[in-house]
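Per-entry structural report
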Amino acid sequence: GTTFSQLKFTDKTFDNGMRYPVVHYSKDQAVADTMNAIIQRNLMDAEVSDFCIGDYGLVQKGNHVELHLICNCIDFAETDHRYLFFSLETGQVVAYTDLFDSKEKDKALKRINELVSNAEDETCKSELTTEGESLNWGSMTYRLYKDGIELHPQTGACENPVKVPWTEISTYLKYNFL
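The following refers to the structure shown. (Residues numbered from 1 in each chain as written. Predicted model: local features only at pLDDT ≥ 70, side-chain atom pairs only at ≥ 80, totals over all residues. Heavy atoms only, no water.)

**Things to note about the overall build of the chain**
Under the convention used in this document: Strands here mean DSSP runs of E at least two residues long; helices mean DSSP runs of H or I at least four residues long; both are numbered from the N terminus. Here the radius of gyration uses the C-alpha set of atoms, whereas the globule reference equals 2.2 Å times the residue count to the power 0.38. Type-normalised accessible area, obtained with a 1.4 Å probe on protein chains alone, sets the label of each residue: buried when under 20%, exposed when over 50%, and partly exposed for intermediate values. Every residue pair with non-hydrogen atoms within 4.5 Å of one another is taken to be in contact. Only the protein chains shown count as covering a residue, and every accessible area follows the Shrake-Rupley method with a 1.4 Å probe. Asp and Glu count as negative and Lys and Arg as positive, but His and the ends of the chain are not part of the count. Charge positions are represented by NZ for Lys, CZ for Arg, CG for Asp and CD for Glu.
Counting its regular elements, the chain contains six helices and eight strands. Tracing the chain from N to C terminus, the helices and strands come up as α-β-β-α-α-β-β-β-α-α-β-β-β-α. Since a compact globule built from 178 residues should have a radius of gyration of about 16 Å, the 18 Å found for the chain is in line with a globular shape. For the chain, the spread of C-alpha atoms along the three principal axes comes to 50 × 40 × 20 Å. Taken across its 178 residues, the chain has 46% of its residues classed as buried. Taking as baseline every contact in the chain between residues at least 6 positions apart, the subset at least 24 positions apart corresponds to 48%. Per element, the accessible surface of the chain, about 9,900 Å² overall, is 47% carbon and sulfur. Computing the positive centroid from 17 side-chain charges and the negative centroid from 28, the chain places the two 8 Å apart.

Below, the structure written as structure tokens:
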């Protein structure tokens, strides 16, 4: 629980109007510096655009934080949503599978497959799975939300992602959330 009070974000703005976050992490300044450098690298194209409107949001779970950067720049064909999933232990971007205990990842994937097969939204379910095939970690895109993980297909137009509540996968996680 102490991690939550030690991680803070402040706003910074590029000359073109793009607002973005700056990380402050009292536990480890090197982690904050690494995260800030990654954020800057991911916004280089927005920074050089003539005009941008930007915002950001975040979800923190334990020693991980998902940062959602929204970039609406005059040079972009459409609004760009960028997601960065950081480990607060290293400051590096990690895969969402980093949430799971390494010994439990296979069991977690099996449970996720069960939940997807029981999902009510047929469009999303069919886009996530191919007839007779199980999902693998690379066949879906993940997003954190308050009560769990949202699963999106890599491609397609699934408007209602399959939601996997923390309660369904908590035994497979590296740590439990309050």
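**Structural notes on the state of the cysteines**
Let me state the cut-off plainly: Note on terminology: disulfide denotes any pair of cysteine sulfur atoms within 2.5 Å.
Inspection of every chain in the model, using the stated rule, returns one disulfide. Here Cys52 pairs with Cys73 through a disulfide, and the sulfurs are 1.9 Å apart. Note on the Cys52 and Cys73 pair: the S-S dihedral is about 110°, so by sign convention the disulfide is right-handed. In this pair, Cys52 is assigned in strand S3 (residues 52-61) and Cys73 in strand S4 (residues 64-73), connecting sequence segments 21 residues apart. Across the pair, Cys73 and Cys52 agree in class, each one buried.

**Here we look at the pattern of salt bridges**
Our working definition: By definition here, a salt bridge exists when the distance from a side-chain nitrogen of Lys or Arg to a carboxyl oxygen of Asp or Glu is within 4 Å.
On inspection of all chains with the given rule, the structure shows nine salt bridges. For Glu114, the salt bridge goes to Arg111, with nearest N and O atoms at 2.9 Å. Separated by three residues within a single helix, Glu114 and Arg111 lie in helix H4 (residues 105-117), roughly one turn from each other. On the accessibility criterion, Glu114 (34% relative accessible area) is partly exposed. It is possible to trace a salt-bridge network through shared partners that takes in Asp11, Arg19 and Asp55.

**Topic: the sheet that holds S3**
Condition: In this description, strands pair whenever DSSP reports at least two bridges between them. Comment: axis = line fitted to C-alpha atoms, over the contacting stretch for helices; angle = value between 0 and 180 degrees taken between N-to-C directions.
Spatially, three strands are ordered S3-S4-S5 in an open sheet, and the strand pairing comes out antiparallel. Each edge of the open sheet carries a strand with a single partner, namely S3 and strand S5 (80-87). The sheet shows a mean angle of 15° between the axes of neighbouring strands, direction not considered. Sheet contacts for helix H2 (residues 29-42): S4 and S5; angle to S5, the most-contacted strand, approximately 160°.

**As for H4**
Let me state the cut-off plainly: What a helix is expected to span follows from its residue count: subtract one and scale by 1.5 Å. In this description, one arc is meant: the one made by directions from the helix axis to the C-beta atoms.
The end-to-end C-alpha separation of H4 is 18 Å, in line with the 18 Å expected for 13 residues at 1.5 Å each. Of the residues making up H4, those classed as buried are Ala108, Leu109, Ile112, Asn113, Leu115 and Val116. All buried residues of H4 project into a common sector of 165° when viewed along the axis, lining one side. Relative to its buried face, H4 has exposed residues pointing more than 90 degrees away, namely Asp106 and Lys110.

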